[in-house]
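Each chain, written out:
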Amino acid sequence: MEMVYVNVDHGIPQYVYTGCKNCTSIMGISLCSIKNRGCCYYYPRFTLLDIQRMAHSLKGLHILKSISKLPSSEIHPFEIHAKGYFDEEGYMKYMESGNKIDTDSIRDHSIFFKACPFVKSGYGCSLPPRYRTYVCNLFLCNEVMEKIKSDRNFEAYMRERERYVRWVEWENTSLREILFENDLDLVRDLEGTVKLLQEIPLNIYDFPQLQPIVISQGFSRGA
């Protein structure tokens, strides 16, 4: 029996699909050297709220430091974009060959040649859920969505995800205004910005414990 359910790690919600190990998703195909990476091709953007959460624990601060020190990471005023692996040469040869994967669901075929910097082959994300972005935590691939959309609890999952995303956006806007008031941002003063985020009380979203959605067969893979 496979299912989709909500896991909450230190107040951070995550949609978990138990069939990830049996992935047959088009999105899970990897044509680069990093195999079995599932749907983890995305380069996460860590927002001010993500950084604030990391800043409130020693382990989080260690992870934040490692993220900011990645050679491929781009530090912007109010976010850190952690870019991962991209086999550009392999992608160009693939596009020129004309022998592309036959699918209408994927427009950007470069995803087959990409991998998140935090994914481990055959394991998934190496970051604890509490330090991942909401994009990663609440993602469900198209194949899983098709399997669960007729379930009576499906709309609740979609509705609560939208509510949570709006809350995250509100929190990020509030944190940005505080940084403006203190003439701080991540580019000009990374250490000072992190220190201020440490001092700001961390708000916790009360995500509801939704009923699990039971499905008969799995199609996705990933964290």
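Residues numbered from 1 in each chain as written. Predicted model: local features only at pLDDT ≥ 70, side-chain atom pairs only at ≥ 80, totals over all residues. Heavy atoms only, no water.

### What to know about the nonpolar core
(1) Moving on: Judged by nonpolar contacts, the single largest core of 51 residues is most densely connected at Val4, Tyr15, Ile67, Phe118, Ile148, Tyr157 and Tyr164.
(2) Moving on: Residues in contact with tyrosine 157, not counting those within four places in the same chain, are Val4, Tyr5, Val6, Tyr15, Leu210, Gln211, Pro212 and Ile213. (Core = buried A, V, L, I, M, F, W, Y, C linked by side-chain atoms within 4.5 Å. Buried < 20%, exposed > 50% of the residue type's maximum accessible area, 1.4 Å probe, protein only. Contact = heavy atoms within 4.5 Å.)

### Description of unusual backbone geometry
(1) Moving on: Phi is positive for asparagine 36, close to 50°, though the residue is something other than glycine.
(2) Moving on: Positive phi is not limited to glycine here, since aspartate 183 has a value of about 55°.
(3) Moving on: Position of aspartate 183 among the secondary structure elements: in the loop between helix 6 (154-181) and helix 7 (190-199).
(4) Moving on: For aspartate 183, a relative accessible area of 53% corresponds to the exposed category. (Helix = DSSP H or I, 4+ residues; strand = E, 2+ residues; numbered from the N terminus.)

### Quick look at the environment of leucine 190
(1) Moving on: Structurally, leucine 190 is set in helix 7.
(2) Moving on: Separated by 178 residues in sequence, leucine 190 and isoleucine 12 place their C-alpha atoms 24 Å apart.
(3) Moving on: The residues touching leucine 190, leaving out its near neighbours within four places in the chain, are Ser68, Ile75 and Asp185.

### So, the packing of helix 1 (residues 48-55) against helix 7
(1) Moving on: Look at helix 1 against helix 7: their axes get within 8 Å of each other, and the N-to-C directions meet at 75°. As the angle between them shows, helix 1 and helix 7 are arranged roughly perpendicular. Of the residues in helix 7, those in contact with Leu48, Ile51, Gln52 and Ala55 of helix 1 are Val194, Leu197 and Gln198.
(2) Moving on: Of the residues contributing to the contact of helix 1 with helix 7, the split by class is five nonpolar, two polar and no charged. (Axes fitted to C-alpha atoms, helices over the stretch in contact; angles between N-to-C directions. Parallel < 35°, antiparallel > 145°, perpendicular 65-115°, else oblique. Nonpolar A, V, L, I, M, F, W, Y, C, P; charged D, E, K, R; others polar.)

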